[in-house]
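Listed below are the residues making up each chain.
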Amino acid sequence: MAVSVLPADWIKNWEKSGRNDFLQLCQDLAGKPSSEVFLKDLQSVLYELCWHVVQGSLKVDVAASLLADVMELREDMPSILADVFCVLDIETGSLEEKHKRDHFTQLVGACLFCVPDAVLKERLDPETLESLGLIKQSLQFNQKIVKIKTKLFYKQQKFNLLREENEGYAKLVTELGQDLTGNVTSHLVLESIKSLIGCFNLDPNRVLDIILEVYECRSDQDEFFIPLIKSYMCEHQTLCHILGFKFKFHQEPNGETPSSLYHVAAALLQHNLIALEDLYVHLLPLDSTIVEEHKREILEAKQIARKLTMVVVPSEKSDDKEKDKEKEEEKSEKPPDNQKLGLLEALLRIGDWQHAQSIMEQMPAYYATSHKAIAIALCQLLHLIVEPVYRRAGVPKGAKGSLLKPLWSRQAPPQVETFEDLSKDVFTMLGYLGPHLSHDPILFAKIVRLGKSFMKEYQSESKQDAKDKMDSLLSCFLSVADQVLLPSLTLMECNACMSEELWGFFKLFPYQYRYRLYGQWKNETYSNHPLLVKVKAQTVDRAKYIMKRLTKENVKPSGRQIGKLSHSNPTILFDYILSQIQWYDNLITPVVDSLKYLTSLNYDVLACILFPLSC
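Let me begin by describing the structure that accompanies this report.

Rules used in this analysis
- Residues numbered from 1 in each chain as written.
- Predicted model: local features only at pLDDT ≥ 70, side-chain atom pairs only at ≥ 80, totals over all residues.
- Heavy atoms only, no water.
- Helix = DSSP H or I, 4+ residues; strand = E, 2+ residues; numbered from the N terminus.
- Buried < 20%, exposed > 50% of the residue type's maximum accessible area, 1.4 Å probe, protein only.
- Contact = heavy atoms within 4.5 Å.
- Areas by Shrake-Rupley, 256 points an atom, 1.4 Å probe, with all protein chains shown as cover.
- Core = buried A, V, L, I, M, F, W, Y, C linked by side-chain atoms within 4.5 Å.
- Patch = residues over 30% accessible without salt bridge, like charges linked within 9 Å, V, L, I, M, F, W, Y side chains within 5 Å.
- Salt bridge = Lys/Arg side-chain N within 4 Å of Asp/Glu carboxyl O.
- Lys, Arg positive; Asp, Glu negative; His and termini not counted.
- Charge placed at Lys NZ, Arg CZ, Asp CG, Glu CD.
- Axes fitted to C-alpha atoms, helices over the stretch in contact; angles between N-to-C directions.
- Parallel < 35°, antiparallel > 145°, perpendicular 65-115°, else oblique.
- Left-handed = near helix turned anticlockwise from the far one by under 90°.
- Phe/Tyr/Trp six-rings, centres within 6.5 Å; stacked < 30°, edge-to-face > 60°.
- Lys NZ or Arg CZ within 6 Å of the ring centre and 35° of its normal.

### Some remarks on the overall build of the chain
In terms of regular secondary structure, the chain is built from 31 helices and zero strands. Expressed as lengths along the three principal axes of its C-alpha atoms, the size of the chain is roughly 140 × 75 × 40 Å. Buried residues in the chain amount to 46% of all 615 residues. Taking all contacts inside the chain whose residues are at least 6 apart in sequence as the whole, residues at least 24 apart take part in 74%. When the accessible surface of the chain is summed, it comes to about 33600 Å², and 52% of that surface belongs to carbon and sulfur atoms.

### Digging into the nonpolar core
Formed by 137 residues in total, the largest nonpolar core has its most connected members in L176, I193, L268, L343, L485, L502 and F506. Of all the elements, helix 21 (residues 372–394) adds the most residues to this core, at twelve residues. If near-sequence neighbours (up to four positions away) are discounted, L343 is found in contact with Y262, A265, A266, L269, L276, L279, L283 and I359. Counting 46 residues, the second-largest nonpolar core is a separate cluster that includes F38, Y47, L66 and L124.

### Comments concerning a nonpolar patch on the surface
Taken together, I148, L152, F153 and Y154 make up a surface patch of nonpolar side chains, about 530 Å² in accessible area. Assignment of secondary structure puts Y154 in helix 9 (residues 138–154).

### Quick notes on a positive patch on the surface
Where like charges cluster on the molecular surface, the positive patch consists of K556, R560, K564 and K596. Mapped onto the fold, R560 is located in helix 28 (residues 555–568). R560 sits in the partly exposed class, given a relative accessible area of 44%.

### Looking at the packing of helix 11 (residues 186–200) against helix 13 (residues 222–232)
Running from N to C, helix 11 and helix 13 point in directions that differ by 45°, and their axes come no closer than 9 Å. The orientation of helix 11 relative to helix 13 falls into the category oblique. Viewed along their axes, helix 11 and helix 13 form a crossing whose handedness is right-handed. On the side of helix 11, the interface is formed by S186, V189, L190, I193 and I197, while helix 13 contributes F224, P227, L228, S231 and Y232.

### Let's talk about the packing of aromatic side chains
One pass over the full model with this rule turns up 19 aromatic pairs. Among the aromatic side chains, those forming a connected cluster through ring pairs are F419, F427, F454, Y458, F477, F505, F506, F509, Y511, Y513, Y515 and Y518. The residue whose ring lies beneath R392 is F419, and the NZ or CZ to ring-centre distance is 5.5 Å.

Below is the structure:
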């Protein structure tokens, strides 16, 4: 545009002839057919006119009135003039003379009525637009432009989603939801899925998501879906991410993860289609939150125990009761969904002990099994594992029981045939179960009977070599008695049958072993778990209540209450009773009369507690 197309005399004689000559030139150029040459010539003419305005040789209002007449010559004239303004905007922006820049902005402002705002916003600099009042702030306008350009040119567009390619996904769902009782195999369905992906251009990741959704709805069809997913997927991380998004969808404040999703995740873990460490990071709550919750439970249990042992005035009692009611109401509210425990329960249900143990190792001792659903699931797994050895060595003579079917999964722990096999998984599982074996009295009886049968074999073994090998099993059974059986008996309310069953096992031990177990039961066991701390405090509180009302006249009902209390917690009860007898001699006769309701185990515990006093 450096070449001048306007004669100098046109500007000098603008009012007389220059204006008409310029308008005639524009009319001649506008009448020509559209081409690149035409556009350049017309843009050059308009540029020359505007440049004279910028230099100050032509008034702004005069040029603006002429440009208004020129705009009527063609429909695209506003766009052509906007291109000229764009070039002048760049040129005047780099000039040092401020008055030339002012002349340009005045000219553009005078032409706003003939050039649309939207066209100017496309061509001019944001600072110029701000000075013209077309935008409020140039900085925000720039940010908006960047966002729009990013969305238009850089953001990846995804097509063929479920809502867009209805026919392909509908056929896919039909294929996965068909009756599987016939000759339908995962291989045939996989070939159909591949055909649908190729025909309808379906997103493979979305197809995998739908396969998992259908599997979740038909979670009993593991034998079909596991081979299908195994053949379909080659990248385990992708599968894990999709599952992780499914779990995160249910992590809302009031969300509840369905059991079918836990089952799908557990089955994929069992068949090594995903890694536990990859899925674990997607689950809530965090391990640190679980540890804090466990510490809070222990603290609350100790506070309850402290309240039960304190002497409280009646007015304070009523206040404490109101506070306890408020706490109970808070606890009765639905707790947040613990996805780690939900997955753990599903793993135990299908017999995947390896992954279940890995999750339990991340948690505090007995935290997982303190939830009833987890404890029951682990007990059911133990039932299946010990079934053969229990049928061989544990069932009493004349007893009949229903046989349990083994787990169909090959990845499940093997069933136990001999006592030596118990050391592989059974003792470890019982160690994780701890005092929560109390949820399943039948399994409790089975373990006790197995221990009784083992002790008989141990005592009848005459060969020293074989007996030395059995010593390790003996120590395992003693550990189970200390860490599992006695704490579980503590949480079983008034179960005299279990007490007698346990005595049948304990009486086969030397008294040194028995008394050591009773000592640990009394001095250590009750401090290992929040529930046991509460039970100890409640037992002492109940014992105080009974002893305050014990007289010669009510020996029979009070004796029955003492008997009921002693079935589960004899060490705590007898320790308190003996301390009271030493202070009040008149209680000796009623207490002795009331002891006729004790079980054999309770008498043995009483002898153990009396032994140090007799020395």
